[in-house]
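In case you want the letters, here they are:
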Amino acid sequence: MADAKVIPFDDDRSRAGAPRWGRRRPGTGGGRRSGEKGAPTAAGEPGTAPGGAGARDAAVSPLPGRPADDAVPGAEQQDVKRGAGGGQGSAGGGVERDWERRIAGGLAFLRRRITGEYEVDEFGYDEDLTDQVLMSLLRPLYEKYFRVEVKGIENIPAEGGALVVANHSGTLPLDGLMMQVAVHDNHPVGRHLRLLAADLVFMLPVVNELARKAGHTLACAEDAERLLQRGEVVGVMPEGFKGIGKPFSDRYKLQRFGRGGFVSTALRAGAPIVPCSIVGAEEIYPMLGNAKTLARVLGIPYFPITPTFPWLGPLGMVPLPTKWTIQFGEPIPTDGFPPEAAEDPMLMFNLTDQVREQIQHTLYKLLVQRRSVFF
């Protein structure tokens, strides 16, 4: 298998476990290459003629990384979607073409991996692998198991850098992954969320590689600022282990947000701060206790005791199928502050408190609206 073309980079400071070689993507990383899913087709190709069946297909074109429904052109596509008209032959033909498209897409992906026609940025992010494989593995958990409902996705800017700040909960950090799928699959222009992760993530052999491929990087101000200046959407959960390791009795009560480092980073980059509230993650592993001695022996922040773990062994690690809601709030602009504002402790404290209060208020609002934990 041929290797991707690589260009070395020198600054690997604060990148624990990051690959030392990678091919840099040109520009800010927000665009797509010609020929990839979501790239514009040449004039005169099928599906681009104005006013015809292709125009109708283009109007319902999927977000990047999602299975396309427009493989069934024109009226046949509408019949398959609605289950009306067209007869069994029409629906059968649509399913057959859909499978042909999936197989063709899979073969094209394999060809790119074999020939090395894919790109890895300086942080180790492999967009092609993320879109085609990693998101596909997480999507059943997102759509079928947790049945995530997304609100306010339009509050994430269509272009330029933005810092998404969310609450953290659930004993295991599945909420960050679900938030990443939510942005990837629901944003109008298909933006990608680059999560900032704790050091522990990059100390685990397999998890380290997968996290880098998915676009995660170390939670440090330098990396976050560089990503924001490149125009990326960056996600951070300031509660850290205090959030995911809190007891079930403290569910949906935000923990301390640290020293406001994320606010300072957003101010330096002039990027808006988008508060995000996640409901449903608190109940997937109700943490009733913490075996602190065992946690110290194992070198982990906490050792959870839940109604099913460790009593049921590996089976106890299966999360409960709760119903999730992820809401992105109104962005808080930072580009109106002077450059020296990033060094003002009072301003950072006020902005941190504003973000925290907005997330907490939205959590309470969503909890009042929720009818059931599981439905």
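Residues numbered from 1 in each chain as written. Predicted model: local features only at pLDDT ≥ 70, side-chain atom pairs only at ≥ 80, totals over all residues. Heavy atoms only, no water.

If you check an unreviewed UniProt entry, the protein appears there as Lysophospholipid acyltransferase family protein from Streptomyces ficellus.

Now for the pairing of strand 11 (residues 325-328). Two faces belong to every sheet, and in a regular strand the side chains alternate between them. Pairing of strand 3 (residues 149-151) with strand 11 involves three bridges; the strand directions are parallel. Counted as the bridge partner of Lys151 is Gln327 from strand 11. Pairing geometry for strand 8 (residues 273-279) and strand 11, over four bridges, is antiparallel. Bridging from a neighbouring strand, Val279 pairs with Thr325 of strand 11. (Pairing = 2+ DSSP bridges. Helix = DSSP H or I, 4+ residues; strand = E, 2+ residues; numbered from the N terminus.)

What follows concerns unusual backbone geometry. The omega torsion of the bond from Phe309 to Pro310 falls at 5°, within 30 degrees of zero and hence cis. In this structure, Arg147 is a non-glycine residue whose phi angle is positive, near 50°. Within the fold, Arg147 resides in the loop between helix 4 (127-145) and strand 3. A positive phi angle, close to 60°, is found at Tyr252, a residue other than glycine. Along the polypeptide, Tyr252 turns up in the loop between helix 8 (241-244) and helix 9 (261-269).

Here the focus is the side chain of Thr325. Residue position: Thr325 is located in strand 11. Not counting residues up to four positions away in its chain, the partners in contact with Thr325 are Glu149, Lys151, Ser277, Ile278, Val279 and Leu366. (Contact = heavy atoms within 4.5 Å.)

The subject of this paragraph is helix 5 (residues 174-186). Think of an α-helix as 3.6 residues a turn; residues three or four steps apart then line up on the same face. In a regular helix each residue adds 1.5 Å, so 13 residues correspond to 18 Å; helix 5 covers 18 Å between its end C-alpha atoms and thus fits that length. With eleven of its 13 residues buried, helix 5 lies for the most part within the structure. Buried-residue contacts for helix 5 involve helix 4, strand 3, strand 4 (162-166), strand 5 (193-197), strand 8 and strand 11. (Expected span 1.5 Å × (residues − 1). Buried < 20%, exposed > 50% of the residue type's maximum accessible area, 1.4 Å probe, protein only.)

We now examine helix 6 (residues 205-213). Within helix 6 the residues assigned to the buried category are Asn208, Ala211 and Arg212. One side of helix 6 holds all its buried residues, which, seen down the axis, span an arc of 95°. Looking at the packing, one finds that the buried side of helix 6 touches strand 6 (217-218). Gly215 lies just past helix 6 and shows a positive phi near 100°. (Arc of directions from axis to C-beta.)

Attention now moves to empty space enclosed by the protein. For the coordinates displayed, the defined rule picks out one cavity of 30 Å³ or more. In this model, the largest cavity occupies a volume close to 50 Å³. Along the lines of polarity and charge, the residues of the lining of the largest cavity split into six nonpolar, four polar and two charged. (1 Å grid on protein atoms, 1.4 Å probe; cavity = no way out; pocket = protein on both sides within 12 Å on 5 of 7 lines; lining within 4 Å. Points joined across faces, edges and corners; volume = space filled by probe spheres on them. Nonpolar A, V, L, I, M, F, W, Y, C, P; charged D, E, K, R; others polar.)

What follows is about the pattern of salt bridges. In this structure the tally under the stated criterion is 17 salt bridges. Across the salt bridge formed by Asp128 and Arg112, the nearest N and O atoms sit 2.9 Å from each other. Residue Asp128 is located in helix 4, and its partner Arg112 is located in helix 3 (residues 87-115); the two are separated by 16 residues in the primary sequence. Across the pair, Arg112 and Asp128 agree in class, each one buried. For Arg113, the salt bridge is made with Asp128, and the minimal N-O distance between the two is 3.7 Å. Placement of Arg113 in helix 3 and of Asp128 in helix 4 is noted, with a sequence separation of 15 residues between them. Classification of Arg113 as buried rests on a relative accessible area of 12%. Each of the salt bridges in this network shares a partner with another, and the network as a whole consists of Asp121, Glu122, Arg194, Arg226, Arg230 and Glu232. (Salt bridge = Lys/Arg side-chain N within 4 Å of Asp/Glu carboxyl O.)

Turning our attention to the nonpolar core. Formed by 29 residues in total, the largest nonpolar core has its most connected members in Leu163, Val165, Phe262 and Val355. Breaking this core down by element, the ones donating at least two residues are strand 4, helix 7 (221-229), strand 7 (233-236), helix 9, strand 8 and helix 11 (345-369). By residue number, the principal contributor to this core is helix 11, which donates seven residues. With near-sequence residues (within four places) excluded, Val165 lies in contact with Val236, Pro238, Phe257, Phe262, Ile273, Val274, Pro275, Cys276, Val355 and Ile359. Counting 28 residues, the second-largest nonpolar core is a separate cluster that includes Phe146, Ile156, Ile284 and Ile326. (Core = buried A, V, L, I, M, F, W, Y, C linked by side-chain atoms within 4.5 Å.)

Across the five residues that make up strand 5, a large majority, five, are buried. Because side chains alternate across strand 5, one face comprises the buried residues Leu193, Leu195 and Ala197, and the other comprises Arg194 and Leu196, equally buried. In this structure, strand 5 lies alongside strand 7, joined through three bridges in parallel fashion. Across the sheet, the residue bridging to Arg194 is Val234, located in strand 7.

This part is about the side chain of Glu282. Mapped onto the fold, Glu282 is located in the loop between strand 8 and strand 9 (289-290). Setting aside residues no more than four positions away along its own chain, Glu282 makes contact with Ser169, Gly170, Lys246, Phe248, Arg251 and Tyr252.

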